[in-house]
Amino acid sequence: MALHKGFYKRAGFDVTLLEGDSSTNVVDSVLSKKADFGVSNSSLVIDYLSGLDVVMLGAIFQHSPNILLAKEKFKSPIDLAKGGPIALMGGDQDIELKAMFIKEGINLSKIKFVPKQKHLDDLLENKVVAINAYSSNEPYLLSKEKKTFSILEPRAYGLDFYGDTLFTSTALYESDHKVVSDFRQATFKGWEYALENIEETVALIEKNYNTQNKSKEHLLYEASVLRKLINPDFIQIGHSNPGRWEHIVEVYKQFGLIKQTRTLEDFFYKEKEDSDNTWIYFYILISSLIIVIVGGIAYYIYRINKQLSKSEQRHKILFQNSASAGIVWKKGYIITDWNEQATRLFGWSANEVKGRCFLDFLVLESEREMVTKNLKTIANDSNLHIFINQNILKNQTPIVCEWHNTLLQKSKEEDDYEIVSLAIDVTERLKEEEILKTQANNDSLTTLPNRHFFENEIEKIYALTKRKGGAFGLAFIDLDGFKAINDTHGHDAGDVLLKELAKRFQTTIRQEDMIARIGGDEFALIFHISKESEPYEKMIKRILELANTPVQYGKDTTLQVSASIGISFYCQDNQVSIGELVHQADNAMYEAKRKGKNCFYIFENFFQ
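With that settled, consider empty space enclosed by the protein. The tally for this structure, following the rule as stated, stands at three cavities of 30 Å³ or more. Counted as a void, the largest cavity has a volume near 130 Å³. For the largest cavity, the lining is made up of 15 residues, of which Phe 358, Val 371, Leu 375, Asn 389 and Trp 403 are closest to its centre. Of all elements in the fold, only strand E9 (325–330), helix H17 (368–375), strand E11 (385–392) and strand E12 (398–410) reach the threshold of two or more residues within the lining of the largest cavity. Residues belonging to the lining of the largest cavity are distributed by class as follows: 10 nonpolar, five polar and no charged.

Attention shifts here to the nonpolar core. Counting 43 residues, the largest nonpolar core has Val 45, Leu 68, Leu 80, Ile 86, Trp 245, Leu 264 and Phe 267 as the members making the most contacts within it. Those elements that place two or more of their residues in this core are helix H2 (26–31), helix H3 (44–49), strand E2 (54–61), strand E3 (66–70), helix H4 (77–83), strand E4 (86–88), helix H5 (95–103) and helix H12 (242–254). When near neighbours in sequence (up to four residues on either side) are disregarded, Ile 86 contacts Leu 68, Leu 80, Phe 101, Ile 111, Lys 112, Phe 113, Val 114, Val 129 and Ala 130. Grouped together as the second largest cluster of nonpolar side chains are 35 residues, Leu 497, Leu 501, Phe 527 and Ile 602 included.

In this section: the pairing of strand E20 (residues 599–602). Pairing between strand E19 (residues 562–570) and E20: four bridges, direction parallel. In the strand pairing of E20, Gly 566 is matched with Tyr 601. Once you follow E19 into helix H23 (residues 578–594) and on to E20, the crossover reads as left-handed.

Below, the discussion takes up the confidence of the model for the chain. When pLDDT is averaged along the chain, the result is 84, and 88% of the positions lie at 70 or above. Confidence drops under a pLDDT of 50 for residues 288–302, and excluding neighbours within four residues, the segment shows two contacts in the predicted structure.

The next point concerns the sheet that holds strand E5 (residues 113–115). Sheet strands pair by backbone hydrogen bonding; their relative direction is either parallel or antiparallel. Strand order in this open sheet of five strands is E5-E4-E6-E3-E7, and the pairing throughout is mixed. Two strands lie at the open edges of the sheet, namely E5 and strand E7 (150–152), each paired on one side alone. Neighbour to neighbour, the strand axes of the sheet diverge by 40° on average, direction disregarded. Across two bridges, the pairing between E4 and strand E6 (residues 130–134) is parallel. By the bridge assignment for E6, Ile 86 is matched with Ala 130.

Criteria and cut-off values
- Residues numbered from 1 in each chain as written.
- Predicted model: local features only at pLDDT ≥ 70, side-chain atom pairs only at ≥ 80, totals over all residues.
- Heavy atoms only, no water.
- 1 Å grid on protein atoms, 1.4 Å probe; cavity = no way out; pocket = protein on both sides within 12 Å on 5 of 7 lines; lining within 4 Å.
- Points joined across faces, edges and corners; volume = space filled by probe spheres on them.
- Helix = DSSP H or I, 4+ residues; strand = E, 2+ residues; numbered from the N terminus.
- Nonpolar A, V, L, I, M, F, W, Y, C, P; charged D, E, K, R; others polar.
- Core = buried A, V, L, I, M, F, W, Y, C linked by side-chain atoms within 4.5 Å.
- Buried < 20%, exposed > 50% of the residue type's maximum accessible area, 1.4 Å probe, protein only.
- Contact = heavy atoms within 4.5 Å.
- Pairing = 2+ DSSP bridges.
- Right-handed = clockwise from strand over helix to strand, strands pointing away.
- pLDDT = per-residue confidence, 0-100.
- Axes fitted to C-alpha atoms, helices over the stretch in contact; angles between N-to-C directions.

See the structure below:
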């Protein structure tokens, strides 16, 4: 629109637009002078910090349209991590999508990322479980075909990147600042016109630029989504916040994409001011006292209105565009504002909660003391304070929220302040994390600790005993005749037997001891003793007895095995490594088998 409405021409430019594609490196094109200006994304800051001489002139999209589009059943990064292959563009273009997984504590090596091929067709044909997409494009196509889907948006995980950033080369910026400034303003003016005249803009795209063969309806949908991402009603076209760029840099650092050797100071466009102020002084000299007074009053009113406008703008941006439930509160935990997302999450409307203390209806009584203690720290500084606690919905359902709190404003009066608190419902995330933790540390069949957990536990006990003295025992338990059970009755019978014996073993050991399943029919027991004379044989004999007790399988079948147990001790007389201790217990277990099975044997007869 800047071109077709003559904004460029009136600024003195004869502009040719070059369409990008997957093979075009826009930054290279600008630096090699094939183009004077380009449009990149937030990865432009990587190019700058890598030493390339680029200047960011302004961010068109205040929020990136980049999303993960997934099959309907995948609601979170954890779902996707377990679901199957995910198609991305590759390179640095989808970093914000990968960062969602890191934010959720998921190792990227555990996820199967694959190159984008047929894109949307791959998703529809179940070749992948998710694809990179634009919120302004692919969701429309799926909705048109009445396909259900899920959208995972980086903003919901605290990853708020810019999109479509206008830039130029440092060389052009420094050699002809006026050209850069005029082009920048004409471009932003084109965007303003386009967003105010969407029907006209869509018609122009259809006629001259529709290489993707989008329908008018599709283009109108795209315009509607992009308008929300640009937010021109409240934010000036091209505005960018240095603090957000610093945050983006931190995310890129997590991926090892940036080794910061320069500051961001020269990354941002700066207006150059005219230093000749002679006319201003002349005007002041010839101004009358009345005009000065009137001007002063007008300026005062202007400043007040501007402050109010900024405050209102801040409020609207925060509460109408936040992806999180948001509340603003003051001393006494009194709610002064409550956004639409808070209503959707908690169930109360703004009219129901304004003026009330949120501790009375939003926080569990059992957690109020802890929550109050945390909240008192927020008003002391302007840092971001993050807490997790249980909350209550209007229908009395408990949920768990992660709260991001910061001081919004503070006047000269110490007690006059407001705090903004943004909430994310992490109930399902915590459940998923607990499931993953259980899967990582527990045997899926018997629910006993698994080999991984056992190895971690013996390292802790070994280090503690070595430092403080004392002793502990390690017993290897191997079932005699288990293979015959599987061969005769099948693996289902073997599973029933293992689950029942695991339950018996767990109930017979002391609370401070630990038994784990470390293999098919192998168990390991770590038991604590304070001195050499402390009796332990009773517990071992009980395990032998329980292992030898028949297990009912179906109506007419009983399953019976026995156990061979080998024991070694870490003690003053046997200060060996963990590996050697395990080796001793293993040798002792085989010695028990040689002695006839259904018995235990102590390595080198320690403590006898």
